[in-house]
Amino acid sequence: WLRLWARLELRKFAPDIIGITGSAGKTSCRDAMVAVLKDKYRLKVTGKANSESGIPMDILGISPKDFSITDWLRISLLAPLKWASNWKAYDKYVVEMGIDSPLPPKNMAYLLTIGRPRTAIFLNASLVHSQNFDFTGGQVIGKIAAEKGKLIESLPQNGLAILNADQAEVINLSKKTKAQVMTFGVSKTADIRIGKIERTSFEFWDGPESAKVKVDYLLPDYYGQTLAAALCVSADEGNTLADGCDRLARNFPLHLRI
C-alpha cells in the first residue's frame, strides 16, 4: 500500500534519484551529497528512513509515531491524502537504501521496486545487520555485498555507479553494471583518491589535481571515504575538484549540526 502511493508520488516530478547503500556511513554520505548539490538543485533528502516502509513514508512525507496498530491505520489513511496534497517540486531525491536480509521485503530487490536510482553509491560491506544472511559456507560479506550490489546492477546505461575502490567485494561490481563507473578510495587506481588526512583537513586527488576540504572540528579518518564519494558526484556535475572541496567545506558542517 505504501509502496503504491510512494511510486505515484515520485511520478509527479520524476526526480533524479541518488541511492546510497553500504553497511556503514550512509547518513554522513547523504549529508555530503547534499553539501555538493544544494547550491544548484532543489533536493528532497531522506530523514531517518532507509527501509521498505521508511522510504515510502519519507517520499510521502509521513512521520510514524509509535508503530502501533492505530498508528499504522493512520499512516495507511494518510498515504493517498499526502499523494493528493504534496506538490512541492524537487529535482533530485537523495535516499539511503539499507537492507537487513536477502529476502523481500527487507532486501535490495524490493527497495528497487519503490524507485530506481540513476546514480548509486556503494560505500562498503561488513557484518553489520548480517543476522538474516546465511553463514554456512562462509563468505558472508560477499553475500551481503551481492545483495546490496543489486542497486549497482540495476542502474541504466546513462547511470553512474560510484564504488569503493578499496574493497574487492564492492569494486568487482564494476563488471556487473551497464552504467558509467567512478571510484573513490586510497587506491592509486581510484578516480577520486584520498590523500593525506590531518585532523581537520582532508586531501583529495583527481589525476594530477589536488585540493583539500578543511573544517573547524575533528572528524574521524573514515570520513575521507564519505567526502570522496561526494566528490565523485560533484565531478559528474562538471565541477572541478577544488570547487567540490569548497562546497563540502562550506555546506557539510551545516548538515552535521542538524
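You'll find the structure just up there.
Residues numbered from 1 in each chain as written. Predicted model: local features only at pLDDT ≥ 70, side-chain atom pairs only at ≥ 80, totals over all residues. Heavy atoms only, no water.

*Asks:* Tell me what's going on with the nonpolar core, and back it up with residues and numbers.
*Replies:* In terms of nonpolar packing, the biggest core is built from 36 residues, with Met-33, Ile-121, Phe-204 and Leu-248 touching the most fellow members. What Met-33 contacts, discounting residues up to four positions off in sequence, is Ile-20, Val-94, Ile-121, Ala-229, Ala-230 and Val-233. (Core = buried A, V, L, I, M, F, W, Y, C linked by side-chain atoms within 4.5 Å. Buried < 20%, exposed > 50% of the residue type's maximum accessible area, 1.4 Å probe, protein only. Contact = heavy atoms within 4.5 Å.)

*Asks:* Account for the sheet that holds strand E9 (residues 209-214), with residues named and values stated.
*Replies:* Strands belonging to one sheet form pairs held by backbone hydrogen bonds; the direction of such a pair is parallel or antiparallel. Strand order in this open sheet of nine strands is E2-E3-E1-E4-E5-E6-E7-E8-E9, and the pairing throughout is mixed. In this open sheet, the two strands that pair with only one neighbour each are strand E2 (43-45) and E9. Neighbouring strand axes in the sheet, compared pairwise and without regard to direction, differ in orientation by 20° on average. Looking at chain direction, strand E1 (residues 16-21) and strand E4 (residues 119-122) are connected through four bridges and run parallel. The residue of E4 that forms the bridge with Thr-21 is Phe-122. (Pairing = 2+ DSSP bridges. Helix = DSSP H or I, 4+ residues; strand = E, 2+ residues; numbered from the N terminus. Axes fitted to C-alpha atoms, helices over the stretch in contact; angles between N-to-C directions.)

*Asks:* Quick rundown of the state of the cysteines? Include the residues and the values.
*Replies:* For the structure shown, the criterion picks out zero disulfides. The thiol of Cys-232 is not disulfide-bonded; the next cysteine sulfur, from Cys-29, is found 9.5 Å away. Cys-232 gets classed as buried once you look at its relative accessible area, which sits at 0%. (Disulfide = S-S within 2.5 Å.)

*Asks:* Summarise the side chain of Lys-44; cite the residues concerned and give the values.
*Replies:* Within the secondary structure, Lys-44 sits in strand E2. Although Lys-44 is buried, it makes no salt bridge; Asp-58 carries the closest opposite charge, 4.5 Å away. Excluding its chain neighbours within four sequence positions, the residues that come into contact with Lys-44 are Asp-58, Ile-59, Tyr-90, Lys-92, Tyr-93 and Val-94. (Lys, Arg positive; Asp, Glu negative; His and termini not counted. Salt bridge = Lys/Arg side-chain N within 4 Å of Asp/Glu carboxyl O.)

*Asks:* Run through helix H1 (residues 2-13), naming residues and quoting values.
*Replies:* The complete set of buried residues in H1 reads Leu-2, Trp-5, Ala-6, Glu-9, Leu-10 and Lys-12. Along the long axis of H1, the arc covered by the buried residues comes to 140°, so they all point the same way. In this structure, the buried residues of H1 make contact with E1, helix H3 (54-60), helix H4 (69-85) and strand E3 (92-96). (Arc of directions from axis to C-beta.)

*Asks:* Explain the packing of aromatic side chains residue by residue, including any values.
*Replies:* All chains considered together, the criterion is met by eight aromatic pairs. With a centroid separation of 5.5 Å and an interplanar angle of 50°, the aromatic rings of Trp-5 and Trp-83 are classed as tilted. Note that Trp-5 is positioned in helix H1 and Trp-83 in helix H4, a separation of 78 residues in sequence. Residue classification places Trp-5 among the buried positions, given a relative accessible area of 14%. Of the aromatic side chains, those joined through ring pairs into one cluster are Phe-13, Trp-87, Tyr-90 and Tyr-93. For Lys-44, the ring lying beneath its charged end belongs to Tyr-90, and the centroid distance is 5.9 Å. One residue, Lys-92, lies across the ring of Tyr-41, its end atom 4.6 Å from the ring centre. (Phe/Tyr/Trp six-rings, centres within 6.5 Å; stacked < 30°, edge-to-face > 60°. Lys NZ or Arg CZ within 6 Å of the ring centre and 35° of its normal.)

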